[in-house]
Amino acid sequence: MKRAILGVDFGLSKINSTLIDVENGALLYEAEKRYIWERQSDNYMDTNPEQLWEVSQQVTEEILMKRDPAQIEITAVVLSCFGETIVPVDATGNHLYPILGSNDIRALEEAAEIAKVMPNYSSITGGYVSPASGISKLLWIKNHHHEAFEKTAGFFSLQQYILKKMGMDPVNDYTLASRKMMLDIREKAWSEEIMKYLEITPEQLGAVYPSAHVVGEIDHYGRANFGRKVTVVAGGHDACSSALGLGIPPENDVSLIGNNAGTWNLMNLYYNRFVDTTVHAPKLTPGSGPVKGSYYFQAAGAVGPLLDWFVHTLCGGKSLAEVSSQAVYDATCNIRLTQDPMEGDGRLRGISLTSELEDVFTGIIESITFPLKDMLEQFENLTGRKFEAMRISAGGAKADNWVQLKANVMNITMERVENIQASAVGAAVNAAVGVGIYSNHDEAIRNMVRVNKIFEPQPEMVRRYQERAEEFKQMNVKGPCFFL
């Protein structure tokens, strides 16, 4: 009988449920379903968190229907959740205000206030406060919905909210606790200085544990009935989980860096020492790794919405995979996206009457790939070293030509992992360690993560793309997909 981990992954647009083989990290079954943010405009992004709980039950029920209990034993359930959010709840766990999404930046004034009154903030959390930070959102609720703030028994992450719905203690793991940006990430404890400033207590934020922490046991996930007791492991931040699923160990010696090429083109790594990013790499977002002594850093740009728009609007029924397969990345394309449509004023340059659909696509992909070189340099500044390889996963990893383009633009070896559902694999790694199948994350990674294909930089293409990337930099590009 196969032993498997059931992972429930909460993304910004859909919820996935997966069964991962604990012996080799293979994907056995998966189910996914989209959900809708009830408000997503003018810097706001919120919805009723009950919707996420409901959809997660639906995909988990679907997985259980697919599984043959005589062939596959579910060893544990583990969560993987987006961060940068706050759900104020009462003493019974009922929400007092909608969940604020990661991209919600309504708290512009609050972020500025925090930066002004706490000049040593980055020495505690490792980086700048932003409007998207959990601390900024919490202060916004305090300033604008004081009645709800006064009634709040807990300022939950999504992880805590779902654990409470499962009947578990609403604990934080290290990675999602740090995404609230109120954690002293070296001590792995809530900052007393920040607590005093916000006029809240550590109890309202919840207990903090390693990502492999066993929370308890359940025999059902909402309506989804397991038929037996199953261990619940806390899990972690979805992006942090993806780093594990790429094979980057928590106490990474800087040999590997990750690229999760999904809705967000995310670059990330674990590092075995604390670094204040405001000094060494101000474009990076800091955080905690899944164990003590581990730190996490990332940068990301939203490319999924841009490519969805391109396919829906311009491709005349062709799929993204069809158009992508026709793209040629040989450094001859002159079409450039210089402002992202997500800014409301998208701009393409270099189109002529001979331009084909595939040429426009090539120009867009090159435009969102060039800034990765600058972002990689931010990580090199952080660590003071160059990386041996970059591991890649998610939907963008399926396109061999795009992965090779990244190798050439960044002049780095790209390694595609066998199971490109890296967040699911990483969550399963946490669970496998938590229930004792493996003694630590390094051992779990050795067994559950495999490289499928290697893409080496091509010297002549590296030289030509270095010139094209410099030309692009001079265009003063704008937009969230461009990172810098």
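Residues numbered from 1 in each chain as written. Predicted model: local features only at pLDDT ≥ 70, side-chain atom pairs only at ≥ 80, totals over all residues. Heavy atoms only, no water.

Let's shift gears to the sheet that holds strand β5 (residues 44-47). Taken together, 3 strands build an open sheet; the order of strands is β4-β5-β8 and the sheet is antiparallel. In the strand order of this sheet, the two ends are held by β4 (39-41) and β8 (99-100), each with one partner. Both β4 and β5 contribute to a ladder of 3 bridges, which runs antiparallel. In the sheet register, Ser41 faces β5, and the bridge partner there is Tyr44. (Pairing = 2+ DSSP bridges. Helix = DSSP H or I, 4+ residues; strand = E, 2+ residues; numbered from the N terminus.)

Next up on the list: the sheet that holds strand β3 (residues 27-34). Strands sit in the order β3-β2-β1-β6-β15-β14 across an open sheet of 6 strands; the sheet is mixed. Each end of this open sheet is capped by a strand with a single partner; those strands are β3 and β14 (214-221). Recorded for the sheet is a direction-independent mean angle of 25° between the axes of neighbouring strands. The strands that helix α16 (residues 422-434) touches are β1 (2-10), β2 (14-21), β6 (72-81), β14 and β15 (224-237); relative to β6, the one it contacts most, it runs at about 115°. (Axes fitted to C-alpha atoms, helices over the stretch in contact; angles between N-to-C directions. Contact = heavy atoms within 4.5 Å.)

For the pair helix α10 (residues 238-245) and α16, interaxial distance at closest approach is 6 Å and the crossing angle is 85°. Taken together, the axes of α10 and α16 lie roughly perpendicular to each other. The segment α10 lies against α16, with Asp238, Ser241, Ser242, Leu244 and Gly245 engaging Ala422, Ser423, Val425, Gly426, Ala427, Val429 and Asn430. Residue composition of the contact of α10 with α16, by class: 5 nonpolar, 6 polar and 1 charged. (Parallel < 35°, antiparallel > 145°, perpendicular 65-115°, else oblique. Nonpolar A, V, L, I, M, F, W, Y, C, P; charged D, E, K, R; others polar.)

In this structure, Glu84 takes a positive phi of about 55° despite not being glycine. Looking at where Glu84 falls in the secondary structure, it is placed in the loop between β6 and β7 (87-89). A residue is classified by how much of its surface remains accessible, and Glu84, at 14% relative accessible area, is buried. Notably, Asn476 is not glycine yet its phi reads approximately 55°, a positive angle. Within the fold, Asn476 resides in the segment after α18 (459-473). With relative accessibility at 59%, the residue Asn476 sits in the exposed group. (Buried < 20%, exposed > 50% of the residue type's maximum accessible area, 1.4 Å probe, protein only.)

Don't take any of this as a statement about function, it's just geometry.
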